[in-house]
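Each chain, written out:
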Amino acid sequence: MRIVTVYPDLLGTYGDAGNGIILERRMSRRGLDVEHVGVDSHGTLPRADLYVLGGGEDGPQGLAAERLGNDATFQLAVAEGALVFAVCAGYQILTRSFVVMDGTSRPGLGLIPAETIRSEAARAVGELVVSVEGIAGIEGVVLSGFENHGSRTQLDANVTALGKVMAGIGNGTEGCEGAVYERCIGTYLHGPALARNPELADWLLVQAGAGSLAPLDDSRSLDLREERITWALSGKANGREGSAHSR
Ligand code: GLN
């Protein structure tokens, strides 16, 4: 399996490049064949089974969308069924349009039928807890991460959300978070999300063609997740809106 972390130079602000590393390790610890490369934005993306996009500020996000839109190999690989896992700015890039710092709208790739808008609401900053609903294989898993975004995402009626928000903002519309549409998965969860949520990592690997996966000892990740979820749901996670400057 080939995993490509897309443009860590532009979409690396929130540590999401860790997601690619986690996916690679979960394969290699099981003795399965895997190759993982990070490709900066001045390069051409190679074919991959799984592309991983991270979060970033508005400026680099706009540039990443432009470059991805012009990358013929990426477009072809996605059209032929490559899986895409995208976090925050990466997720917004997959929607039809997103908003940058001056409030103007930029075209996204339109791979997820959804609109990303900037509302009057304060920036969403803090822990995010999500209960997965309607996604076979990870149904009922409670995911943990942190979020830091100014925009909100409105899914079209034919798109399934990743889950329901138990704490935090997520998409900021209809109490839901993330999107699963065809071969694209988007989420506002940083963490990195796949370090905190091993079930999500393995589910992505299976979707990307890894076959059945032997269990791993995930006790340390699961302990951290439990601690984070307990804290986020305890009501102590206040002051969560507003003050972070990174866009
Ligand atoms: N710049 C985008 C926003 O603020 C995405 C931020 C991020 O990737 N965390 O909405």
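Up top is the structure these notes are about.
Residues numbered from 1 in each chain as written. Predicted model: local features only at pLDDT ≥ 70, side-chain atom pairs only at ≥ 80, totals over all residues. Heavy atoms only, no water.

> Just to check I follow, could you spell out the side chain of Ser144 for this structure?
Within the secondary structure, Ser144 is located in strand 9 (residues 142–149). Using a relative accessible area of 0% as the deciding quantity, one classes Ser144 as buried. A distance of 2.8 Å separates a polar atom in the side chain of Ser144 from a polar atom in the side chain of Arg196. If sequence neighbours within four positions are ignored, Ser144 has contacts with Glu127, Leu128, Leu189, Arg196, Asn197, Arg225, Arg228 and Ile229. (Helix = DSSP H or I, 4+ residues; strand = E, 2+ residues; numbered from the N terminus. Buried < 20%, exposed > 50% of the residue type's maximum accessible area, 1.4 Å probe, protein only. Polar contact = N/O pair within 3.5 Å; in protein donor to acceptor, adjacent residues only side chain to side chain. Contact = heavy atoms within 4.5 Å.)

> Please explain empty space enclosed by the protein as it appears in this structure.
Rolled over the atoms, a probe sized like a water molecule indicates the empty space that remains. Considering all chains together, one arrives at two cavities of 30 Å³ or more under this definition. Taken as a whole, the second largest cavity holds about 30 Å³ of empty space. The wall of the second largest cavity is formed by Thr5, Val6, Pro8, Leu11, Asp16, Ala17, Val52, Leu53 and Gly54. For the lining of the second largest cavity, the elements supplying multiple residues, two or more each, are strand 1 (2–6) and strand 3 (50–53). Counted by class, the lining of the second largest cavity contains six nonpolar, two polar and one charged residues. (1 Å grid on protein atoms, 1.4 Å probe; cavity = no way out; pocket = protein on both sides within 12 Å on 5 of 7 lines; lining within 4 Å. Points joined across faces, edges and corners; volume = space filled by probe spheres on them. Nonpolar A, V, L, I, M, F, W, Y, C, P; charged D, E, K, R; others polar.)

> Even after reading the chapter, I still don't get the sheet that holds strand 12 (residues 176–177), so can you show me in this structure?
Hydrogen bonds along the backbone pair up the strands of a sheet, which may run parallel or antiparallel. Here we have four strands laid out as an open sheet, ordered 9-8-11-12, and antiparallel in their pairing. Each of the sheet's edge strands pairs with one partner strand only, and the pair in question is strand 9 and strand 12. In this sheet, strand 11 (residues 163–167) lies alongside strand 8 (residues 124–132) in antiparallel orientation, the contact comprising four bridges. Opposite Val132, over in strand 11, you have Gly163 as the bridge partner. (Pairing = 2+ DSSP bridges.)

> Looking at this structure, I do not really get the side chain of His36. What am I missing?
By secondary structure assignment, the location of His36 is in strand 2 (residues 35–39). A distance of 3.4 Å separates a polar atom in the side chain of His36 from a polar atom in the side chain of Glu24. Dropping the residues within four chain positions of it, His36 is found in contact with Ile3, Thr5, Gly20, Ile21 and Glu24.

> Just checking my understanding: could you explain the pairing of strand 8 for this structure?
As a general feature of sheets, a regular strand has side chains that alternate between the two faces. By the criterion of burial, strand 8 is predominantly enclosed, with eight of the nine residues buried. As paired strands, strand 8 and strand 9 are joined by eight bridges and run antiparallel to one another. Looking across to strand 9, one finds that Val130 is bridged to Leu143.

> Would you explain the nonpolar core in this entry?
As a rule of thumb, soluble globular proteins bury nonpolar side chains together. Within the largest apolar cluster, 64 residues are counted, with the highest numbers of intra-cluster contacts made by Leu23, Leu45, Leu50, Tyr51 and Phe85. For Leu23, the contacting residues outside a window of four places in its chain are Ile3, Leu50, Val52, Leu194, Ala201, Leu204 and Leu205. (Core = buried A, V, L, I, M, F, W, Y, C linked by side-chain atoms within 4.5 Å.)

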